[in-house]
Amino acid sequence: MDRNANILIVEDDSTLSFGMKRALEKDGHNVRTVETGEKALQVINSQLIDLVLLDIRLPQMDGFEVLERLKEIDPQPIVIMVTAFFDVPEAVKAIRAGAYDYFPKPFDNDAIRQKIRKALENLRLKQEVDILKQQQKEKFPANMLFGNSPEIREVQKIINLVATTPRTSVLIQGESGTGKELVADAIHNASNRRDKPLIKINCSAIPEQLLESELFGHEKGAFTDAKITKKGIFELANSGTIFLDEISSMKMALQPKILRVLETQSFRRIGGTQDINVDIRIIAATNRDLEEMVRLGEFREDLLYRLKVMVIDLPPLRNRESDILPLAKLFLEANNKEFNKSIQKISPEAEKLLSQYSWPGNVRELKNVMERAAILCSGTIITPDQLPLELKPGKGKSIAFASSAISQPTPVTTVDTDSANQSLEDMEKKHIIDVLNKHDGNKSKAARILNISRSTLREKLKAYGIS
Ligand SMILES: Nc1ncnc2c1ncn2[C@@H]1O[C@H](COP(=O)(O)OP(=O)(O)O)[C@@H](O)[C@H]1O
Ligand SMILES: [Mg+2]
């Protein structure tokens, strides 16, 4: 199939599509051209098409709509979207919408021929790999807590231990993005409650008055808006698990009621006079230091001690560096699947950037960075070009502190800012970094501005250790 593919070109500019058709026919492909989305869908409906070159700007139905409807008719064909100019958000949108790849206009026909050759080759490889993979069992459940650092292994141990207890409550502590919710899922799924509900509620996202009635429900007439009796999640989650996310946001007035459920496994609806008994495990999570909040008089000590029976601490990602690259590779594999890519590895320079970064947003940030990189990567290797600027030294790292949301840039360089005290080399280094930063790390642009060739710039970057 990497020889004679059936290719459909959807392009309203007939000069363009004619040139492409001729170029692709040279490679032995069967090529059809159409000028509108409607006609493209008719062809997809009636013929076997392997690959579609789809312009985004089309009269009437635009490329995104064509893509969506095409996928409904036949998910098989590879779709390469043609974007009008190099527009990253549009390219990202195309890939998210299920396109295999994008190609910016204006382009030369040789480049597009090469891209198509690669796409067809990748498709063939992917089909082979898919068959192999199907023969193996899924090695990895989608949302498993992954990592091999001593810290994560310890967490896994505690999860398994807690899961065997019938209703011991758990307090999960860690910065945002460290995997607290994932741990809650893992505990629930490993426990005997796995077939019962796991209800999650984010205490910071719901106004105080509403939170109480969400949790405990209310009797008809308990307050003005209570027109009917309503069950709260403590009733709805009976026999299951409740995950109270960001419990530090829970107001002091509500805290004793939670304490009471923890102690007696019973509660009353708002306005109710009867105790309702439930069987529930409570898992709470916080990214603030509750001990400190107790000292500040913002959190009840008795509730903290009741929650603290079992504590799971999720260390920030920067403190378990050995997890960074394995996680990056795990996400890369997931992205390959999702975006139909065959990225094989991360270059050593990119690995270095990933390992050295401070990850204030922790695993969530790493996951997003890898998704973006996979989308931007058109080859088989992730390179620093596809990583965001904040990972690159010279852009200023930010450090997040465990107990607060403050983040501060660390000094970028210790070079004396008074230029009269600087060596020529320091000045040059600083100037190169400034120019690169000003142009979003674009090396071609920087080279032009510095009036040196790209290869000279590359040598200087290497010499100064700028990546
Ligand atoms: N150890 C891990 N292995 C795999 N994915 C993880 C891990 N830790 C976090 N994640 C992923 O990172 C994202 C953030 O995790 P989440 O549990 O929501 O963090 P938190 O609740 O601490 O903010 C989720 O997409 C989650 O699946
Ligand atoms: Mg969370």
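Refer to the structure above for everything that follows.
So, here's what we can say about the structure. (Residues numbered from 1 in each chain as written. Chains lettered and ligands numbered in written order. Predicted model: local features only at pLDDT ≥ 70, side-chain atom pairs only at ≥ 80, totals over all residues. Heavy atoms only, no water.)

Quick look at the pairing of strand 14 (residues 311-314)
Filter applied, for reference: The cut-offs for exposure are 20% and 50% of the maximum accessible area for each residue type, with area from a 1.4 Å probe on protein chains only; residues under the lower value are buried, those over the upper are exposed, and the others partly exposed. Labels follow the DSSP assignment, with helices taken as runs of H or I lasting at least four residues and strands as runs of E lasting at least two, numbered in each case from the N terminus. The rule for pairing is simple: two strands pair if DSSP sees at least two bridges between them.
A one-sided burial pattern is seen for strand 14, the buried positions being Ile312 and Leu314 and the unburied ones Val311 and Asp313. Strand direction decides the pairing type here: strand 6 (residues 170-174) and strand 14, joined by four bridges, are parallel. Bridge assignment links Gly174 to a residue of strand 14, and that residue is Leu314.

Here's the deal with helix 1 (residues 14-26)
Quick reminder of the rule: A helix is expected to reach a length of 1.5 Å times the quantity of its residues less one. Each C-beta atom gives one direction from the helix axis, and the arc is the one those directions make. Polar contacts here mean pairs of N or O atoms no more than 3.5 Å apart (in protein, one a potential hydrogen donor and the other a potential acceptor; neighbouring residues in sequence count only if both atoms are side-chain atoms).
Between its first and last C-alpha atoms helix 1 spans 18 Å; for 13 residues at 1.5 Å apiece the expected length is 18 Å, and the two agree. Ser17, Met20, Ala23 and Leu24 are the residues of helix 1 that are buried. Considered in projection along helix 1, the buried side chains sweep an arc of 125° and stay on one side of the axis. Turned more than 90 degrees away from the buried face of helix 1 sit Thr15, Phe18, Arg22 and Lys26, all of them exposed. N-cap assignment for helix 1: the residue whose side-chain oxygen lies 3.1 Å from the backbone N of Thr15 is Asp13.

Remarks on the pattern of salt bridges
Test applied: By convention in these notes, a salt bridge is any Lys or Arg side-chain nitrogen within 4 Å of a carboxyl oxygen on Asp or Glu.
One pass over the full model with this rule turns up 28 salt bridges. Ionic pairing is found between Asp185 and Lys200, a salt bridge with its closest N-O pair at 2.8 Å. Of this pair, Asp185 sits in helix 7 (residues 180-190) while Lys200 sits in strand 7 (residues 198-202), and the two are 15 residues apart along the sequence. Taking relative accessible area as the criterion, Asp185 reaches 12% and is therefore assigned buried. For Lys200, a relative accessible area of 36% gives the class partly exposed. Each of Asp27, Asp110, Arg113 and Arg117 takes part in salt bridges that share partners, so that together they form one network.

Taken by themselves, the reported measurements are silent on function.
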